[in-house]
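So you can see what is in the structure, the chains are spelled out below.
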Amino acid sequence: KAEEKKEEEKPKAPELPPMGEEEMELLSMFLSQTSDLERKQQVERIIKYRLNPFEVLQLSPDCATAEELNMAYRKLSLVVHPDKCKHSRAEEAFEICKKSLAELQSEEKKGFYVDVMVSAKEEAVRELKKKRKREKEESSKNKKLRVSDVDKLRSTMLGGTLKRPSKDKKKEEDKGEEFGKAAADDEEPISQEDQDMIVKGTRDAAFRILLQLEKRRARAEKVFVENEKRSKVAMKEAKEKYLHEEKQDEEWNKDRTDRIDSWRDFQQHGKKLGIKKPKPAVTEKGVSV
């Protein structure tokens, strides 16, 4: 039964539309350029990110159309196929690819993973902004000089001090500079380095989120199995107790019938023969004649 259950849990081979000549040529070219080292790296990557079907098939949630999904699966499944890949866990990676395709073909499951990826990207962007803010603060601290130090340096080099603007005027200038900096920050485009960091941060955040959800699911399943086991044990004990009590009742009723018959025989024949009256029997059910 356990083997049958495992076979049922294995994802079935997905049904894909037939490939055209151009797709066949592209796949052949792709496979001819794939080395054994790349196959092994793909197996290890797939197993590491097995909880995230988008990461397994190397697809973006916002552009995972049915055609892209099928093509990504075809490429990857041929790369890690146990017949073509010598890695010891190639079969496991191949099964993960099939499972990932099946999950993304389901609208409900795909929506769940899209939500996870959106949350992960938001977290990655927040972390990047915090990092850039810390870098700017550290940079401004390193560059900032106190006014007294500047005055001392000026008096030493040139003689005299620089006349400082009034506090109100200085506040207005600072506000203008801050507004200009804020506008510049808003208009500043995201660099390629930041984009790469967001992609990596999204991948890592999604990995953490899905791993945490998987741990919760495993704990809930473990609790359910333990409760079911305890329930079965309790039912077994209750059944055994019922059967034991039922057997005791049968034995007691049988003994009672025998005693009644014995008493009737005594009433009919015992007195004539001089047989003494039998004493009452004491049992768990009470005193019986």
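Note that the structure is predicted; figures quoted are calculated from it, not measured.

1. Side note on the environment of Lys-75
Of note, Lys-75 is situated in helix H5 (residues 66-79). Lys-75 sits 18 residues away from Leu-57 along the chain, and the two C-alpha atoms are 9.1 Å apart.

2. Regarding the packing of aromatic side chains
How two aromatic rings sit relative to each other is set out by the distance from centre to centre and by the angle between their planes. This model, assessed by the stated rule, comprises 2 aromatic pairs. When the ring of Tyr-49 is compared with that of Phe-207, the centres are 5.8 Å apart and the planes differ by 80 degrees; the resulting orientation is edge-to-face. One end of the pair, Tyr-49, is in the loop between helix H3 (36-48) and helix H4 (53-56); the other, Phe-207, is in helix H10 (residues 192-273), with 158 residues separating them in the sequence. With a centroid separation of 5.1 Å and an interplanar angle of 70 degrees, the aromatic rings of Phe-112 and Tyr-113 are classed as edge-to-face.

3. Observations regarding the pattern of salt bridges
What the rule picks out here adds up to 10 salt bridges. Of the charged contacts in the structure, one is a salt bridge between Arg-203 and Glu-55, with a shortest N-O distance of 3.2 Å. Taken together, the positions of Arg-203 in helix H10 and Glu-55 in helix H4 put the pair 148 residues apart, joining distant regions of the chain. Between Arg-217 and Glu-214 there is a salt bridge; the shortest N-O distance is 2.7 Å. Separated by 3 residues within a single helix, Arg-217 and Glu-214 lie in helix H10, roughly one turn from each other. Overlapping salt bridges bring together Arg-132, Glu-135 and Asp-194 as one network.

4. Here's the deal with the nonpolar core
In this structure, Ile-46, Val-56, Leu-57, Val-80 and Cys-97 are the most contacted members of the largest nonpolar core, which totals 28 residues. Those elements giving two or more residues to this core turn out to be H3, H4, H5, helix H6 (90-105), helix H7 (107-143) and H10. Apart from residues lying up to four places away in sequence, Ile-46 is in contact with Val-56, Leu-76, Val-80, Ala-93, Ile-96 and Cys-97.

5. Some words on the packing of H3 against H5
Here H3 crosses H5 at 115 degrees, and the two axes come no closer than 9 Å. Judged by the inter-axis angle, H3 sits roughly perpendicular to H5. Residue-level inspection shows Arg-39, Gln-42, Arg-45 and Ile-46 of H3 in contact with H5, the latter providing Leu-76, Leu-78 and Val-79. Residues belonging to the contact of H3 with H5 are distributed by class as follows: 4 nonpolar, 1 polar and 2 charged.

6. Section: the packing of H3 against H6
Running from N to C, H3 and H6 point in directions that differ by 55 degrees, and their axes come no closer than 9 Å. The orientation of H3 with respect to H6, classified from their angle, is oblique. For the pair H3 and H6, the sense of crossing is left-handed. Two secondary-structure elements touch here, H3 through Val-43, Ile-46 and Ile-47 and H6 through Ala-90, Glu-92, Ala-93, Ile-96 and Cys-97. In the contact of H3 with H6, the residues fall into 7 nonpolar, no polar and 1 charged.

7. Considering unusual backbone geometry
The phi dihedral of Gln-58 is positive, around 55 degrees, even though this residue is not glycine. Topologically, Gln-58 is positioned in the loop between H4 and H5. The exposure class assigned to Gln-58 is partly exposed, which follows from its relative accessible area of 49%.

8. Describing the side chain of His-87
For His-87, the location among the structural elements is in the loop between H5 and H6. Given a relative accessible area of 18%, His-87 falls into the buried group. Among the polar contacts made by the side chain of His-87, one reaches the main-chain amide nitrogen of Arg-89 at a distance of 3.0 Å.

The rules behind each value
- Position labels on residues start from 1 in each chain and follow its written sequence.
- Since the coordinates come from a predicted model, pLDDT governs what is reported: local features require at least 70, and pairs of side-chain atoms require 80 or more to be given and counted, while whole-chain, interface and lining totals use all residues.
- Note that the side-chain values use all heavy atoms of the structure and ignore hydrogens as well as water.
- Secondary structure elements follow DSSP: runs of H or I of four or more residues count as helices, runs of E of two or more count as strands, with numbering from the N terminus.
- In summary, the pairing rule links any two rings of Phe, Tyr or Trp, Trp by its six-membered ring, whose centres are within 6.5 Å, and it sorts them by plane angle into stacked for under 30 degrees, edge-to-face for over 60 and tilted for everything else.
- Counted as salt bridges are all cases of a side-chain nitrogen of Lys or Arg within 4 Å of a carboxyl oxygen of Asp or Glu.
- To define a nonpolar core, start from buried Ala, Val, Leu, Ile, Met, Phe, Trp, Tyr and Cys residues and group those joined through side-chain atoms within 4.5 Å.
- Partly exposed residues are those whose accessible area sits between 20% and 50% of the maximum for their type, while under 20% is buried and over 50% is exposed, using a 1.4 Å probe and protein chains only.
- Between two residues, a contact is recorded if the distance between any of their heavy atoms is within 4.5 Å.
- Between N-to-C directions, angles span 0 to 180 degrees; the directions come from axes that are lines fitted to C-alpha atoms, helices contributing only their stretch in contact.
- Our angle categories are set so that under 35 degrees counts as roughly parallel, over 145 as roughly antiparallel, 65 to 115 as roughly perpendicular, and the remainder as oblique.
- Amino acids are sorted into nonpolar (Ala, Val, Leu, Ile, Met, Phe, Trp, Tyr, Cys and Pro), charged (Asp, Glu, Lys and Arg) and polar (every other residue, Gly among them).
- Left-handed describes a crossing whose near helix is turned anticlockwise from the far helix by less than a right angle; the clockwise case is right-handed.
- Any pair of N or O atoms that falls within 3.5 Å is considered a polar contact. Within protein, one atom must be able to donate a hydrogen and the other to accept it, and sequence-neighbouring residues count only if both atoms are side-chain atoms.

Honestly, that's just the spatial picture; any functional story needs more than this.
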